[in-house]
Amino acid sequence: MRHFRPTAAIAAGLLLALPNIALTQGLAAQESPQTEQAASSEPLWAFEESDVPVDPGFVFGRLDNGMRYILRQNATPEGTAVVRMRIDSGSLDETDTERGLSHYLEHMAFNGSKNIPEGEMVSLLEREGLAFGADTNASTGFDAITYMLNLPRNDEELLGTALMLMRETASELTIAEDAVERERGVILAERRDRRGYAQRAQEDSFEFTAPDARFRERLPIGTLEVLETATAAQIRALYERTYTPANTVLVIIGDYPVEVMEAALRARFSDWQAAPAPVEPETGPVDVTRSGETDIYLDPALSESVSIYRLAPWQDLPDTEANRREGSLRAIGYGIINRRLARLARGEEAPFRSARFSSGDIFEDARSTTLSISSEDGEWRKGVLAATRELNQALTYGFTQAELNEQLANIRTALENRVEGEATRNNQALAGAALALVSSERIPTEASYQLAQFEAMQADFTPERILAALKADAAPLDNPLIRFQGRTAPDGGEDALRAAFAEGMALPIAQPEDTGTVEFAYGDFGEPGVVVSDTREERLGFRYITFANGVRLTLKATDIRKDQIVFHIALDGGDLLNTVDDPLKTYLVSTMPSGGLGAHSSDELQTILAGRSVGWRIASNGDAFTAIGGTTPRDLELQLQLATAGLTDPGYRQEGIEQFRRGIANFFETLNSTPGRAYSTAAGAILSDNDPRFSLQPRETFEALDFDQLRAAISDRLEQGAIEVALVGDFDEDAAIAAVAGTLGALPPREADFLPREEARQRTFTKDRTQHVLRHQGEDDQALVRLIWPTTDDSDHGETMRVNLLARVVQLELTDRLREELGQAYSPRASSGMSRIYRGYGTFMLSASVDVAEVEATRAAMDKLIADLRAAPVDADVLERARKPLLEAYDNALKSPGGWMNLADRAQSQPDRLERWFVAPDMLRAITAEELQAEALQYLVPGEAVEIVVLPEDG
């Protein structure tokens, strides 16, 4: 077993988490690890050398050839499973002449093997109902390549197919020279699409932090020199060196008996010839003695930030009970400091947009302690002064009991919620836990153990002990490394940066005051509402309640996620209130929570509500203002009190507006920073003939927005608008009804229905079909091609289903033609959007990010695809590959609270959505290739699409 323990974060100015490492969470259940260990002098799993008890729900094993596996039977979601195969080698295992070939090899896994011809693997799985897309089935990181399959059914044949494909990937890839050549364009396209200002900033950050480290030169995407010349022989050499049983872990979590899973994997993998794992690669060196250096990195697309940090030697801290205890203590210390920094960011005249203090490992080469500050352009000095003073005060005087109590309340509640919900943890979370054991040697444990350990530490939870643990972990920021990034250089340059840090550390500090506690002011909204209607929708088990004041409530009690409740609150209004004369009328709705409540600021609410599973968010959508979130049965009443207070007594505090305004400059400075941003900036105006409701407004219009304007715009909706509530989850129905009755149901009478606003539902699609060329300021080889046709709204369910399926067909064909055949695009897309809000409005879009030199070829390929779809019915196999994943999605849709909520939300005001649900699968199965051809003939008319091409500014 390789003991390579990857970093939690690389603190290099941006505190960048290592990309694509595909970590997750913990697994374990012993299948006699003592027996397995007898075959090797080295432990197989981290828990074998630890006093931390592994979660007994997992089964561990190793085949005779050295391949390890982790299994767990789990029925959430019922009738499904996930399969993960981790190859414990990534880009760090590459030689200088192989940079990027681990990722290239990941691509080759889908391009032919001994038993599956090139191009058939994806098609095979699509026929089984698995949808494929870029980045969804494999990922390559510094230290691993992970292959991922999510099985929509738990039949043993599908499991056998999935494991057959994993085995083909593990040892049977053909890696033919012609296939390597065909995939080269896709690899280069992905590299091109990922390049940009963020990637360059990351590379500079790595270089400044660890200029001599090997990891800096092993980014998974590789180098052009290698990717443009790589041969099949080179890729095969890497394959044979790293894809070995001893270097592989297979994870299966799902609704199968463990014996079935184990028998299936043994049948597929037992005859894989044994071979050792490669030698653990070097990652460093990182010089932890460096200090006093400064880096200034500029890019027009980067908002301003300063990172102040020091490096220290890496500490080998295996996962033991003692180390967990110390980790808990210092985590609380970091949490309190970051809570203080967040308070500063929320206040009036805030000195920075955000700030954070943290420590993390840089592989096994170093640790880094970092204070990072994000500020408005030109305000870096004010941010540095405030953040360093706050940090210095905390490290000097420590913490108050009130601050500690807030952290402890949040931790205890999170652990208690975890205990209550552990029986229905989903497959994805459990697979993540399994992979975390492999990747970071983090032992998966039961939630009850975690809570018991927390309760046993109560005597340790003192302000003094927390401060001591924090100071023992954090590297002192003496003569630190300082990295600035932004659009323009800081006045005074490097000297000014260092002087600001020194000045901030010298500012007067004082012992913090213990502010005590404040009670939540919103517990009484009047006499509880009276239920005037109580009916059931028997097919889905919904219970429909109407209160005397007009508020409607839909209930769906289900324990598919133990101890979890999701809620949706819809209030009449939404984007339909926006007008040509006032297109930003509702824009600030999502900012309301940052303005707090009448009796409490948003920061006070965070303290008051510590330890409670509640929150408040609201947004403007379509024809309603919507508040969504999750809670527990214990906190449902408080959650509804908070939501009701948010609607009846919003605080409209100035700090909320200031937070909003601090983001405006950066938003407008980056409008054309990438092809995608340039498109989204201009597309609304192009498609709507500059209708202000759908066009980006001038910067000064956003800067003029305030809460007075919002209050005037929506107060009547808050006071009178129809309200519909949906609750889905693990609750007692009568208790839930009582909780709504005492909150939203207790309000004064409201309008009974959502207003139709027919005039506002008018939206036109431009008649201008000329080509529109936009310019972006990103990489000089990046281009974007989009074709957008007008369709219609979704009032005809059958037509909506047919056009949606047509979009899925086009997606498959577009991928085959642009990605696989021409190698021009990494992730082309097709989509249909038939509006439920705007009458007669809908769009059908084709999109591809390509090289500038390939724009015309891409456009021609799109034209040819559309012509083919119009000329003849689509191939039967392509139709089934498009249809089957959609049917599987329907079959699995009601296996989560979110799936149920999709139906419960607005179930009473939009009952037709339920009828559509019942007939949709049969309608989908009945759609024919000829019907899709008819839709293509009707809507995908040559010359009728709006063509938008986004090219480099200097191209």
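For the structure itself, look to the data block above.
Residues numbered from 1 in each chain as written. Predicted model: local features only at pLDDT ≥ 70, side-chain atom pairs only at ≥ 80, totals over all residues. Heavy atoms only, no water.

Here we look at the layout of surface pockets
Over the atoms, a rolling probe the size of a water molecule traces out where space has been left empty.
Stage number 1. What the second largest pocket holds in volume is close to 1,100 Å³.
Stage number 2. Lining the second largest pocket we find 44 residues, and of these Pro885, Leu886, Ala889, Tyr890 and Ala893 sit closest to its centre.
Stage number 3. Looking at the lining of the second largest pocket, the elements that each hand over two or more residues are β3 (81–87), β5 (145–151), α13 (427–440), α25 (797–821), α27 (876–892), α28 (897–904) and α29 (912–926).
Stage number 4. Among the elements that line the lining of the second largest pocket, the one with the most residues is α27, at six residues.
Stage number 5. Class assignment for the residues of the lining of the second largest pocket results in 22 nonpolar, 15 polar and seven charged. (1 Å grid on protein atoms, 1.4 Å probe; cavity = no way out; pocket = protein on both sides within 12 Å on 5 of 7 lines; lining within 4 Å. Points joined across faces, edges and corners; volume = space filled by probe spheres on them. Helix = DSSP H or I, 4+ residues; strand = E, 2+ residues; numbered from the N terminus. Nonpolar A, V, L, I, M, F, W, Y, C, P; charged D, E, K, R; others polar.)

Some points on the pairing of β3
Residues in a regular strand project their side chains so that they alternate between the two faces of the sheet.
Stage number 1. Of all seven residues that make up β3, seven are buried, and the element is covered over most of its length.
Stage number 2. The alternating pattern of β3 places Ala81, Val83, Met85 and Ile87 on one face and Val82, Arg84 and Arg86 on the opposite face, and all of these are buried.
Stage number 3. Alignment of β3 against β5, held across seven bridges, turns out to be antiparallel. Considered in β5, the bridge of arginine 84 is made with methionine 148.
Stage number 4. Note that β3 and strand β6 (residues 248–254) share seven bridges and pair antiparallel. Residue pairing for β6: methionine 85 is matched across the bridge by leucine 250. (Buried < 20%, exposed > 50% of the residue type's maximum accessible area, 1.4 Å probe, protein only. Pairing = 2+ DSSP bridges.)

As for the side chain of glutamate 183
Stage number 1. Of note, glutamate 183 is situated in helix α5 (residues 177–194).
Stage number 2. Residue class for glutamate 183 comes out buried when judged on its relative accessible area of 2%.

A word on the sheet that holds strand β4 (residues 138–140)
Stage number 1. Taken in spatial order, the six strands make up an open sheet running β1-β2-β6-β3-β5-β4, and their pairing is mixed. A single partner strand is all that each edge strand has here, and the edge strands are β1 (59–62) and β4. Direction aside, the axes of adjacent strands within the sheet are offset by 15 degrees on average. (Axes fitted to C-alpha atoms, helices over the stretch in contact; angles between N-to-C directions.)

Brief notes about the pattern of salt bridges
Stage number 1. The final tally for this structure, using the stated rule, is 78 salt bridges.
Stage number 2. Glutamate 537 serves as the salt-bridge partner of arginine 539, at 2.7 Å between the closest nitrogen and oxygen.
Stage number 3. By relative accessible area, which is 10% here, glutamate 537 ends up buried.
Stage number 4. A salt bridge links aspartate 734 to arginine 543; the shortest N-O distance between them is 3.6 Å. With aspartate 734 in helix α24 (residues 733–741) and arginine 543 in strand β13 (residues 542–547), this residue pair connects regions lying 191 residues apart in the sequence.
Stage number 5. Linked by salt bridges that have partners in common, Arg339, Arg343, Arg346, Glu406 and Asp603 make up one network. (Salt bridge = Lys/Arg side-chain N within 4 Å of Asp/Glu carboxyl O.)

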